[in-house]
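# Remarks on the overall topology
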Amino acid sequence: MKSLVLTAKAQMKLEDTPLPQLKGNEVRVQMKYAGICGTDKHLFNGQPGSAQAVPPIILGHENAGVITEIGSDVQKELAIGQRVSIDPNIPCGYCRYCHEGRTQLCENNSAIGVTRNGGMAEYVDVPQTNVYPIPDNLSLKAAAMAEPVSCVVHGIQELAIQSNYTALVIGDGFVGQLFTAYLAKSGLAKVAVSGHNPDKVALLHSIGADEVFDPAKDNHDEKFDIVVECVGLKMTQEQAINSAVKGGQVLMFGVANPEDQIQVNSFDIYAKELTIKGAFINPHAMAPALTLLSRKFIDVEPLITHELTLEQVPDVLAGNIDYKITKAVIKL
Ligand SMILES: [Zn+2]
Ligand SMILES: [Zn+2]
């Protein structure tokens with residue numbers, strides 16, 4: 001099968017790899033769309049995403065396709081030809097965190113497209129537990145976005161949202177847009193977005209942002225009940241904490257460099273009773289994500305800016321392109 005293999009740090013080759021023997025409890029999915037995510041850039045460059053990727057490996061953790069083969073031990077009701085979206089995460093089931101139902105914190109999580117071969121290939125084999133049938137009215141392209149949307153669903157579940165609250169989303173990229181769209185439909189008093197790209201302002205307003213500002217240009221000292229950081233840089237993380245009102249909730253969603261340290265006024269955390277939370281991956285959130293997508297609670301297709309071929313991906317991940325991508329999917 002045609003596969004895009006990360007052969008070493010920052011090196012990716014299109015290869016013809018043999019189809020593995022399908023395991024009894026797994027299904028084979030012919031890939032149709034694979035999303036490319038910021039995490040893939042980290043993994044490509046040898047940095048961790050949800051975990052470390054060890055080459056040689058096929059990346060791709062935002063996957064949708066069609067079942068072509070079903071393992072002999074599969075008990076879930078699945079059919080050849082069925083369209084499915086794939087949850088990349090495979091928690092162990094036996095560690096303390098799995099037993100407590102907090103599978104996102106699993107000590108032994110393996111992940112499709114991170115620690116085992118993923119969807120940047122013609123086929124991907126995945127456990128029966130990881131496939132979710134795609135609602136009939138949802139396209140395969142939109143269904144490939146179920147994984148990032150499921151991470152957003154988990155992030156939202158970490159927050160206590162009330163309709164008199166105001167919210168700030170920091171970051172105008174794809175994930176910032178998903179949070180904006182979600183929060184805008186949550187009946188909040190106000191949803192603002194902090195971003196740098198003037199070309200995205202109209203889109204952000206169209207998906208429900210009440211205000212869009214550029215912190216580098218606009219003097220903006222308003223504070224918010226809910227702040228969602230979707231960038232992962234020191235500056236924006238500090239901005240997030242400094243943008244919270246008393247009693248505010250700050251969600252750290254952007255993936256930081258593991259070496260980074262940020263400066264926080266610890267008296268503020270105490271005196272303002274701030275809550276600073278992380279949200280990691282997508283526990284129990286794939287089914288809600290697919291429902292949100294099929295009900296158009298989040299209309300995701302207009303947010304996908306590029307459709308790529310496998311051949312284009314190495315240059316995109318290496319940054320050797322002269323165009324700006326907000327969100328790309330690979331069409332397989
Ligand atoms: Zn991702
Ligand atoms: Zn576990």
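As the structure is a prediction and not an experimental result, all values here were calculated from the model. (Residues numbered from 1 in each chain as written. Chains lettered and ligands numbered in written order. Predicted model: local features only at pLDDT ≥ 70, side-chain atom pairs only at ≥ 80, totals over all residues. Heavy atoms only, no water.)

## Focus: the overall build of the chain
A count of helical and extended segments in the chain gives ten helices and 18 strands. For 332 residues, the compact-globule formula gives about 20 Å, and the C-alpha radius of gyration of the chain, at 20 Å, lands near that figure. Considering only C-alpha atoms, the chain reaches an extent of 60 × 45 × 40 Å along its principal axes. A total of about 15,200 Å² of accessible surface is found on the chain, and carbon and sulfur atoms cover 48% of it. On the chain, the mean spot of the 27 positive side-chain charges and the mean spot of the 37 negative ones are 1 Å from each other. (Helix = DSSP H or I, 4+ residues; strand = E, 2+ residues; numbered from the N terminus. Rg over C-alpha atoms; globule rule 2.2 N^0.38 Å. Areas by Shrake-Rupley, 256 points an atom, 1.4 Å probe, with all protein chains shown as cover. Lys, Arg positive; Asp, Glu negative; His and termini not counted. Charge placed at Lys NZ, Arg CZ, Asp CG, Glu CD.)

## Let's talk about the pattern of salt bridges
Tallied over the full model, the rule gives twelve salt bridges. For the salt bridge of E311 with K2, the shortest nitrogen-to-oxygen distance reads 3.2 Å. In this pair, E311 is assigned in the loop between β17 (306-308) and α10 (313-318) and K2 in strand β1 (residues 2-8), connecting sequence segments 309 residues apart. The class for E311 is partly exposed, based on a relative accessible area of 45%. (Salt bridge = Lys/Arg side-chain N within 4 Å of Asp/Glu carboxyl O. Buried < 20%, exposed > 50% of the residue type's maximum accessible area, 1.4 Å probe, protein only.)

## A look at the sheet that holds strand β11 (residues 166-170)
Strand order in the open sheet formed by six strands is β13-β12-β11-β14-β15-β16, and the pairing between neighbours is parallel. Each of the sheet's edge strands pairs with one partner strand only, and the pair in question is β13 (211-213) and β16 (275-278). The average angle at which neighbouring strand axes cross in this sheet is 15 degrees, direction not considered. Pairing between β11 and strand β12 (residues 190-194): five bridges, direction parallel. The residue bridging V169 from the neighbouring strand is V193, located in β12. Across the sheet, helix α7 (residues 234-242) touches β11, β12, β13, β14 (224-229), β15 (244-252) and β16, and the angle it forms with β15 is around 150 degrees. (Pairing = 2+ DSSP bridges. Axes fitted to C-alpha atoms, helices over the stretch in contact; angles between N-to-C directions. Contact = heavy atoms within 4.5 Å.)

## Remarks on the UniProt feature "domain: Enoyl reductase (ER)" (unreviewed entry) in the chain
UniProt tags residues 9-317 as "domain: Enoyl reductase (ER)" (unreviewed entry). Structurally, residues 9-317 comprises 24% helix and 26% strand, and the distance from its first C-alpha atom to its last is 11 Å. (UniProt positions renumbered as here; feature names shortened; annotations may be inferred.)

## A closer look at the nonpolar core
Ranked by size, the top nonpolar core spans 49 residues in total, and within it V149, L178, F179, L183, V228, F253 and V300 carry the most contacts. At the level of secondary structure, the elements contributing two or more residues to this core comprise α3 (140-143), α4 (146-157), β11, α5 (174-184), β12, β14 and α9 (286-294). Taken domain by domain, the makeup of this core includes at least three residues from each of domain 1 (2-148 + 282-331) and domain 2 (159-278). When near neighbours in sequence (up to four residues on either side) are disregarded, L183 contacts I156, I161, A167, V169, L188, V191 and V228. V29, I67, I86 and A328 belong to the second-largest nonpolar core, a separate cluster that totals 37 residues. (Core = buried A, V, L, I, M, F, W, Y, C linked by side-chain atoms within 4.5 Å. Domains from an automatic or database assignment.)

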